Amino acid sequence: MRRIKRKTVWAYLDGKKLVDVVQAALDNHMMVDGLKEQLIKENPGHEVTFKYQ
């Protein structure tokens, strides 16, 4: 059997890895897009970026 590589979305705050967005959304019973918006709102004045890995 082939093992499927699991991809995820990481949130970076000012270039430093902050959280696995997919896992955090699952833990909080939220949609990924909603959590992304919340992270941006909660960190004004900081650069929040998302990378798919």
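Residues numbered from 1 in each chain as written. Predicted model: local features only at pLDDT ≥ 70, side-chain atom pairs only at ≥ 80, totals over all residues. Heavy atoms only, no water.

A. The side chain of Thr 8, seen in detail. Tracing the chain through its elements places Thr 8 in the segment before strand S1 (9–13). With a relative accessible area of 13%, Thr 8 lands in the buried category. Polar contacts involving the side chain of Thr 8 include one to the side chain of Asp 20, which spans 2.5 Å. (Helix = DSSP H or I, 4+ residues; strand = E, 2+ residues; numbered from the N terminus. Buried < 20%, exposed > 50% of the residue type's maximum accessible area, 1.4 Å probe, protein only. Polar contact = N/O pair within 3.5 Å; in protein donor to acceptor, adjacent residues only side chain to side chain.)

B. Expanded view of the packing of aromatic side chains. Summed over all chains, the structure comprises 0 aromatic pairs. Seen from the ring of Phe 50, Lys 36 lies directly overhead, with NZ or CZ sitting 5.2 Å from the centre. In this arrangement the basic side chain of Lys 51 is found over the ring face of Tyr 12, its NZ or CZ atom lying 4.8 Å from the centre. (Phe/Tyr/Trp six-rings, centres within 6.5 Å; stacked < 30°, edge-to-face > 60°. Lys NZ or Arg CZ within 6 Å of the ring centre and 35° of its normal.)

C. Seen up close, unusual backbone geometry. Even without a glycine there, the phi angle at Asp 14 is positive, about 55 degrees. By the element assignment, Asp 14 lies in the loop between S1 and strand S2 (16–20). The exposure class of Asp 14 is partly exposed, given its relative accessible area of 44%. Its identity as a non-glycine residue notwithstanding, His 29 has a phi of 55 degrees, on the positive side. Here His 29 shows up in the loop between helix H1 (21–27) and helix H2 (32–42).

D. Expanded view of the pairing of S2. Alignment of S1 against S2, held across 4 bridges, turns out to be antiparallel. Paired with Trp 10 across the bridge in S2 is Asp 20. (Pairing = 2+ DSSP bridges.)

E. Representation of the sheet that holds S1. The strand order across the open sheet built from 3 strands is S2-S1-S3, with neighbouring strands paired in antiparallel fashion. Here the strands that pair on one side only, and so sit at the sheet edges, are S2 and strand S3 (48–52). With direction set aside, neighbouring strand axes in the sheet form an average angle of 35 degrees. Sheet strands touched by H2: S1, S2 and S3. Its angle to S3, the strand with the most contacts, is close to 150 degrees. (Axes fitted to C-alpha atoms, helices over the stretch in contact; angles between N-to-C directions. Contact = heavy atoms within 4.5 Å.)

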